[in-house]
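The primary structure of each chain is shown beneath.
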Amino acid sequence: DRDVRDEVFCQLMKQVTGNPGAHSVAQGWKLFDLVLQYFAPGEDLSNYVHIFIRKNAPSYLKEKLKKAMYSREYEGPKLIPPTVDQIQALVSN
């Protein structure tokens with residue numbers, strides 16, 4: 001559902017903005033990365049998320065997030081969800 005996906009992006013942007021916990025922010029960016037590997041925000045939110053990434057993403061992650069977002073926008077969402085191993089690998093890095 002597009003509304004749920006947009007809500008996920010809104011919550012992720014909130015998580016990584018003004019959060020005093022550095023670990024929590026780092027985990028939020030990892031989750032942002034994972035989400036963008038599988039789906040993009042809806043049209044109404046897309047431009048805002050693009051700008052948010054350009055202005056706020058850590059430099060080491062910015063290009064990866066931008067590429068993932070473009071891929072999901074043009075190729076559509078991935079139909080197979082991430083495996084538990086893929087999620088654990090992302091969280092442990």
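The following refers to the structure shown. (Residues numbered from 1 in each chain as written. Predicted model: local features only at pLDDT ≥ 70, side-chain atom pairs only at ≥ 80, totals over all residues. Heavy atoms only, no water.)

### Let's talk about the nonpolar core
- Formed by 22 residues in total, the largest nonpolar core has its most connected members in Phe-9, Trp-29, Phe-32, Leu-36, Val-49, Ile-53 and Leu-65.
- When contributions to this core are tallied by element, the ones reaching two or more residues are α1 (2-15), α2 (22-38), α3 (43-56) and α4 (59-75).
- With seven residues, the single largest contributor to this core is α2.
- Setting aside chain neighbours within four positions, we find Val-49 in contact with Phe-9, Met-13, Phe-32, Pro-41 and Met-69. (Core = buried A, V, L, I, M, F, W, Y, C linked by side-chain atoms within 4.5 Å. Buried < 20%, exposed > 50% of the residue type's maximum accessible area, 1.4 Å probe, protein only. Helix = DSSP H or I, 4+ residues; strand = E, 2+ residues; numbered from the N terminus. Contact = heavy atoms within 4.5 Å.)

### As for the side chain of Lys-30
- Along the chain, Lys-30 falls in helix α2.
- Buried charge without a partner: Lys-30 forms no salt bridge, and the closest opposite charge is Asp-33, 9.3 Å away.
- Other than its neighbours up to four places away in sequence, Lys-30 contacts Leu-90, Val-91, Ser-92 and Asn-93. (Lys, Arg positive; Asp, Glu negative; His and termini not counted. Salt bridge = Lys/Arg side-chain N within 4 Å of Asp/Glu carboxyl O.)

### Considerations on the pattern of salt bridges
- By the definition in use, this model includes three salt bridges.
- Among the ionic pairs, Lys-64 bridges to Asp-33, the shortest N-O distance being 3.0 Å. Here Lys-64, found in helix α4, pairs with Asp-33, found in helix α2; they are 31 residues apart in sequence, far enough to count as distant.
- Of the charged contacts in the structure, one is a salt bridge between Glu-63 and Lys-66, with a shortest N-O distance of 3.0 Å. Of this pair, Glu-63 and Lys-66 both sit in helix α4, three residues apart, which is roughly one turn of the helix.

### Description of the packing of α1 against α3
- It is at 11 Å that the axes of α1 and α3 come closest, and there the two elements cross at 25 degrees. Here α1 lies roughly parallel to α3, going by the angle between them. The way α1 lies across α3 gives a crossing that is left-handed. Counted together, Asp-6, Phe-9, Cys-10 and Met-13 of α1 and Leu-45, Tyr-48, Val-49 and Phe-52 of α3 form the full contact between these two elements. (Axes fitted to C-alpha atoms, helices over the stretch in contact; angles between N-to-C directions. Parallel < 35°, antiparallel > 145°, perpendicular 65-115°, else oblique. Left-handed = near helix turned anticlockwise from the far one by under 90°.)

### A closer look at the environment of Tyr-60
- Residue position: Tyr-60 is located in helix α4.
- Accessibility expressed as a relative area gives 65% for Tyr-60, which makes it exposed.
- Placed 37 residues apart in sequence, Tyr-60 and His-23 show a C-alpha to C-alpha distance of 16 Å.

Fair warning: the whole summary comes from geometry, so function is off the table for now.
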